[in-house]
Amino acid sequence: MRISLEPVIDNLRALRNPRQFMKASKGNIQLWANLFVIGWAVVFMLWQGAGFAITVGTVFAIWAMLAVSLNLVVGFAGLLSVGHIGFFGIGAYSMAILSSNPAYEQLRTEALTTFAWPFFAALPVSVLLAGAVAIAVGVVFNRFRDDIYVLVSFGFAIIAFNVFLNWRGLTRGAFGIHEIARPKIGGWSLGGELEFMLFVLAFLAIVMLIAWFIVTSSFGRVLTAIREDEEAIEVFGYQATHYKLAIWVISAMIAGLAGGLFASWTSFIDPFSFILLESILLVSIVILGGLATIWGSLLGAMAFVLLEEGMRFLPFLPTEFIGQARQAVLGILLVLLMLFRPQGLVGKYRL
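Per chain, residues are indexed from 1 in the order of the written sequence. Where local features are concerned, this predicted model is filtered to residues with pLDDT of at least 70; where side-chain atom pairs are given and counted, the filter is 80 or more; whole-chain, interface and lining totals use all residues. Side-chain figures throughout are based on the complete set of non-hydrogen atoms in the structure, without hydrogens or water.

Digging into the environment of Ala-255
- With respect to the element layout, Ala-255 can be found in helix H13 (residues 240-266).
- Relative accessibility thresholds used throughout: buried, under 20% of the residue-type maximum; exposed, over 50%; partly exposed, between the two (1.4 Å probe, protein chains only). Exposure remark for Ala-255: the relative accessible area of 0% places this residue in the buried category.
- Sequence separation between Ala-255 and Gly-89 is 166 residues, and the spatial gap between their C-alpha atoms is 8.5 Å. The numbering of helices and of strands both runs from the N terminus, where a helix is a DSSP run of H or I of at least 4 residues and a strand a run of E of at least 2.

What to know about helix H11 (residues 218-228)
- Of the residues making up H11, those classed as buried are Gly-220, Val-222, Leu-223, Ile-226 and Arg-227. The arc that holds every buried residue of H11, seen down its axis, measures 160°, which confines them to one face. Exposed side chains of H11 directed beyond 90 degrees from the buried face belong to Arg-221 and Glu-228.
- Contacts between residues were defined by any pair of non-hydrogen atoms, one from each residue, lying within 4.5 Å. Against helix H4 (50-76), helix H10 (193-216), helix H12 (230-235) and H13 lie the buried residues of H11. By arc we mean the arc of the directions from the helix axis to the C-beta atoms, nothing more.

Digging into a nonpolar patch on the surface
- A patch consists of residues whose relative accessible area exceeds 30% and which take part in no salt bridge; residues with like charges are grouped when within 9 Å of each other, and nonpolar side chains (Val, Leu, Ile, Met, Phe, Trp, Tyr) when within 5 Å. Note on areas: Shrake-Rupley with a 1.4 Å probe; residue coverage comes only from the protein chains shown. What makes a salt bridge here is a side-chain nitrogen of Lys or Arg within 4 Å of a carboxyl oxygen of Asp or Glu, nothing more. A cluster of nonpolar side chains, namely Ile-332, Leu-333, Val-335, Leu-336, Leu-339 and Phe-340, defines an oily patch on the protein surface of about 620 Å² accessible area.
- With respect to the helices and strands, the residue Leu-336 is situated in helix H16 (residues 322-340).

Re the nonpolar core
- Judged by nonpolar contacts, the single largest core of 102 residues is most densely connected at Trp-63, Met-65, Phe-87, Trp-248, Leu-261, Ile-269 and Phe-274.
- Residues contacting Ile-269, with those up to four places away along its chain left out, are Ala-92, Tyr-93, Ala-96, Gly-176, Ile-177, Ile-180, Phe-262, Ala-263 and Phe-274. To define a nonpolar core, start from buried Ala, Val, Leu, Ile, Met, Phe, Trp, Tyr and Cys residues and group those joined through side-chain atoms within 4.5 Å.

Quick look at the side chain of Ser-279
- If you trace the backbone, Ser-279 turns up in helix H14 (residues 276-289).
- The contact partners of Ser-279, leaving out residues within four places of it in the chain, are Val-82, Gly-83, His-84 and Ile-85.

A few points about unusual backbone geometry
- The backbone phi angle of Arg-172 is positive, close to 65°, even though this residue is not glycine.
- Along the chain, the position of Arg-172 falls in the loop between helix H9 (168-171) and strand E1 (184-185).

Things to note about the confidence of the model for the protein
- Chain-level pLDDT for the protein is 83 on average; 85% of the residues reach the 70-or-more range.
- Residue range residues 1-9 is modelled with pLDDT below 50. Its contacts to residues more than four positions away, or to other chains, number one contact. pLDDT: the predictor's confidence for each residue, scored from 0 to 100.

Focus: the packing of helix H15 (residues 294-310) against H16
- One can describe the packing of H15 onto H16 by two numbers: an axis separation of 10 Å at closest approach and a directional angle of 145°. Every pair of crossing elements has a handedness; the one defined by H15 and H16 is right-handed. Only Arg-326, Val-329, Leu-330 and Leu-333 of H16 make contact with H15, whose side of the interface consists of Phe-304, Leu-307 and Glu-308.
- Classification used: nonpolar for Ala, Val, Leu, Ile, Met, Phe, Trp, Tyr, Cys and Pro, charged for Asp, Glu, Lys and Arg, polar for all others including Gly. Tallied by class, residues from the contact of H15 with H16 come to five nonpolar, no polar and two charged. Lines fitted to C-alpha atoms define the axes here, with helix axes fitted over just the stretch in contact, and angles between the N-to-C directions of these axes take values from 0 to 180 degrees. Each crossing gets its handedness from the near helix: less than a right angle anticlockwise from the far helix is left-handed, clockwise is right-handed.

Structural notes on the side chain of Asn-71
- Counting through the fold element by element, Asn-71 comes out in helix H4.
- On the basis of relative accessibility, which here comes to 1%, the residue Asn-71 falls in the buried class.
- Pairs of N or O atoms within 3.5 Å make up the polar contacts considered here, provided that, within protein, one atom can donate a hydrogen while the other can accept it, and that residues adjacent in sequence are counted only when both atoms are side-chain atoms. A polar side-chain atom of Asn-71 sits 2.8 Å from a polar atom in the side chain of Ser-297.
- Residues in contact with Asn-71, not counting those within four places in the same chain, are Phe-76, Val-286, Gly-290, Leu-291, Ala-292, Thr-293 and Ser-297.

The following block contains the structure:
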């Protein structure tokens, strides 16, 4: 694939002449959306300080991985899933069960089966378990399309949450799991927040590279064709169900990776981090950033994290109403997008 640098060069030339730049950017919603979100992020980080910026960076990286994984399914393959938070939870619980400290758990409620594995042994297993579950449910999901597909993915999210909540012998239910391992390489531990943020950002870069390779390959072009007309692509001999299952499993494994990193970062998880609302918020992030664009997933994740964290600092908003206010503002933004820009901030296609 040939990558043209001409648009970038033209923009750099335009920056030399402010009038020319303003004329070229007038009406360019994508450019202004990028500038607004990035500018907002920079100002917000400088205002709150380095410690807060590191926390926001870590949260952003985890949500961005989730958004990229879901966009592969929704944006590129045209499969609207609201169950991805289940794979996120599978990755998180796998990491917690495999790597948590048994001594801590035995001091609390009933004994929990743990293995005390190191982080780098538990993380690949977390990813593979998410992929294995995706294969099992994906074979069933491939029988459905459109609205029915949404409903069965909705059901998967509910089932996953109830397993996390009620399988107490494995997950400790509402008590959650503590003392989840942080990454260690020999005698060096990623215990600091800055080191862990850089570690998670490195994984985000790997995920973006994998996603870029997928969408620019012939496999990605077949996915795009399936989104446009599944029956037409099968006329040319392509097995659409195989492609859909493959991208579904890849997407679930990325979500499982994000879940494993999330569990290690927080060192504590419980079922209420993986409720259906979180899955709906994830779909909202993908829609906000734009379908079928990796950059849009990053932009949507950053806008969501800034919205989520920024509303905590509004002086006129009582603390007990912050959660409800976040949901209301995000809902209003989605309604406005559907009315005036249904393809999202930088998306190519409408939902």
